[in-house]
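Spelled out, the chains give:
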Amino acid sequence: MTIHDLDTPAMVLDLDRVEHNVARVAEYARRHGLNLRPHTKTHKIPALGRLQLEHGASGLTVAKTTEAEVMVESGVKDLLVAYPVLGRQKVERLVRLLDRTKVTVALDSIEAAEALRGTGIGVLVEVDVG
């Protein structure tokens, strides 16, 4: 099969380039004493999340509960949900992940904080000081 035989749309990756870029970013973070927690929104692929973890990422960042569930399968031990999680069902789904990973949710309101009270889910409070 060649690239011309693929039906479109099709995602095609240069895996050597991907690995080079992942390693380069990880090395930069190490050199500067940074904890790297890449956001998976650019790829949404568990294998790439695993590659990022293998190169030293401290965890992964996702946008929502469903992405968290998928990325836990990549072996992540520390997961940040970048946006507040509202709704009992979504919170319960994240709680079920706690036996396999640490989960932190970025918050921007009292309502979002109250939705997580008593769940064991960590919080990262976003404060607009402007």
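The structure this text deals with has already been given above.
Residues numbered from 1 in each chain as written. Predicted model: local features only at pLDDT ≥ 70, side-chain atom pairs only at ≥ 80, totals over all residues. Heavy atoms only, no water.

Draft legend 1. A look at the side chain of D78. Structurally, D78 can be placed in strand 2 (residues 78–81). Judged by relative accessible area, D78 falls into the buried class, the value being 14%. Sequence-distant contacts of D78, that is, excluding residues within four places in its chain, are made with R37, S58, G59, L60, T101 and K102. (Helix = DSSP H or I, 4+ residues; strand = E, 2+ residues; numbered from the N terminus. Buried < 20%, exposed > 50% of the residue type's maximum accessible area, 1.4 Å probe, protein only. Contact = heavy atoms within 4.5 Å.)

Draft legend 2. Here's a closer look at the packing of helix 3 (residues 65–72) against helix 4 (residues 88–95). For the pair helix 3 and helix 4, interaxial distance at closest approach is 10 Å and the crossing angle is 15°. Judged on the interaxial angle alone, helix 4 and helix 3 are roughly parallel. Note that helix 3 runs across helix 4; the crossing there is left-handed. Residues T65, T66, A68 and E69 of helix 3 form the contact with helix 4, whose participating residues are K90, R93 and L94. (Axes fitted to C-alpha atoms, helices over the stretch in contact; angles between N-to-C directions. Parallel < 35°, antiparallel > 145°, perpendicular 65-115°, else oblique. Left-handed = near helix turned anticlockwise from the far one by under 90°.)

Draft legend 3. Quick look at the environment of R50. In this structure, R50 sits in helix 2 (residues 46–54). Not counting the four nearest positions on each side in its chain, R50 is found in contact with E73 and S74.

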